[in-house]
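# Observations on chain architecture
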Amino acid sequence: MTKTTTQVQATVTDMFGQSTAVLAQPSPHTFERFERRGGTTQAFIYVALAALVSAVIAAIFAPFHSDVTMVGQFLTRLITIPLQFLIFTGAVYLIGKNLFRGSGTYAEVAYSFALFFVPLSILATLIGIIPILGWLVSFVISLAMAYFGYLAVQSSMNLRDQGSAIITLLLAAVANFLVGGVIGTIMLGIFSLGR
């Protein structure tokens, strides 16, 4: 007789509710409640939704900027947001596991990070279209993402030591910057060839 395990797979509606709880009650315990309610697939569906919303908003407002195109803004956001999410969460997982012996899974990291990343990135895009507030909002949301990331690392990688969680986040940010820079340069080259 084969024993099968059933994993609860969250819907987008479930994830919105879980995001609300994570944002309203920020703590490793809140992340722990949800980290196994979805997996990598659900995390990337949710992130793809954020990428689509951001891409549409960026494309709509592209005509107000002389240095970008609607198609360029749409495609860039649609591709880079999930890619950066993958790079960052992958770095968190690999660094947390290999340097600090974190016991979480990549699915737990991706799902936990998606719960705060999606609503905050959509909020940043919506408010970021206001020229005067753009830089200030970007800064504040970056701080919020760092804080929620810190809590999510503690939960998803089971790194309760503050130093380990902070170093994991900082090294993941450096890896994301370096790898993202290389990918950005490649994408810039590709889009420049089309001109």
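Please refer to the structure placed before this passage.
What comes next is a walk through the structure. These figures come from a predicted structure and were not determined experimentally.

### Describing the packing of helix 3 (residues 40-61) against helix 4 (residues 70-100)
Pairs of packed helices are described in terms of their axes, by the angle between the two and the distance that separates them. Viewed as axis vectors pointing N to C, helix 3 and helix 4 meet at an angle of 155 degrees, and their least axial separation amounts to 8 Å. On the basis of the axis angle, helix 3 is roughly antiparallel to helix 4. Seen along the crossing, helix 3 lies across helix 4 with a hand that is right-handed. For the pair helix 3 and helix 4, the contacting residues are Phe 44, Val 47, Ala 51, Leu 52, Ser 54, Ala 55, Val 56, Ala 58 and Ala 59 in the first and Met 70, Gln 73, Phe 74, Arg 77, Leu 78, Ile 81, Pro 82, Phe 85 and Leu 86 in the second.

### Section: helix 3
The terminal C-alpha atoms of helix 3, which comprises 22 residues, lie 31 Å apart, in line with the 32 Å expected from a rise of 1.5 Å per residue. Within helix 3, the full set of buried residues consists of Gln 42, Ala 43, Tyr 46, Val 47, Ala 50, Ala 51, Ser 54, Ala 55, Ile 57, Ala 58 and Ala 59. Contacts from the buried residues of helix 3 go to helix 1 (12-24), helix 4 and helix 5 (106-128).

### Things to note about the nonpolar core
Of all hydrophobic cores here, the largest spans 42 residues; its most connected members are Val 92, Phe 113 and Phe 116. Elements with a contribution of two residues or more to this core: helix 1, helix 2 (28-34), helix 3, helix 4, helix 5, helix 6 (134-156) and helix 7 (162-193). At 12 residues, helix 5 tops the list of elements feeding residues into this core. In contact with Val 92, not counting residues within four places along its chain, are Val 109, Phe 113, Val 153, Met 157, Thr 168 and Ala 172.

### A closer look at the packing of aromatic side chains
For any pair of aromatic rings, the description consists of the separation of the ring centres together with the inter-plane angle of the planes. Overall, the coordinates contain 9 aromatic pairs when judged by the stated rule. An angle of 40 degrees between the planes, with centres 5.3 Å apart, marks the rings of Phe 85 and Phe 117 as tilted. In this pair, Phe 85 is assigned in helix 4 and Phe 117 in helix 5, connecting sequence segments 32 residues apart. Relative to Phe 148, the ring of Phe 116 has its centre 6.0 Å away and its plane inclined at 25 degrees; by these criteria the two rings are stacked.

Calculation notes
Residues numbered from 1 in each chain as written. Predicted model: local features only at pLDDT ≥ 70, side-chain atom pairs only at ≥ 80, totals over all residues. Heavy atoms only, no water. Axes fitted to C-alpha atoms, helices over the stretch in contact; angles between N-to-C directions. Helix = DSSP H or I, 4+ residues; strand = E, 2+ residues; numbered from the N terminus. Parallel < 35°, antiparallel > 145°, perpendicular 65-115°, else oblique. Left-handed = near helix turned anticlockwise from the far one by under 90°. Contact = heavy atoms within 4.5 Å. Expected span 1.5 Å × (residues − 1). Buried < 20%, exposed > 50% of the residue type's maximum accessible area, 1.4 Å probe, protein only. Core = buried A, V, L, I, M, F, W, Y, C linked by side-chain atoms within 4.5 Å. Phe/Tyr/Trp six-rings, centres within 6.5 Å; stacked < 30°, edge-to-face > 60°.

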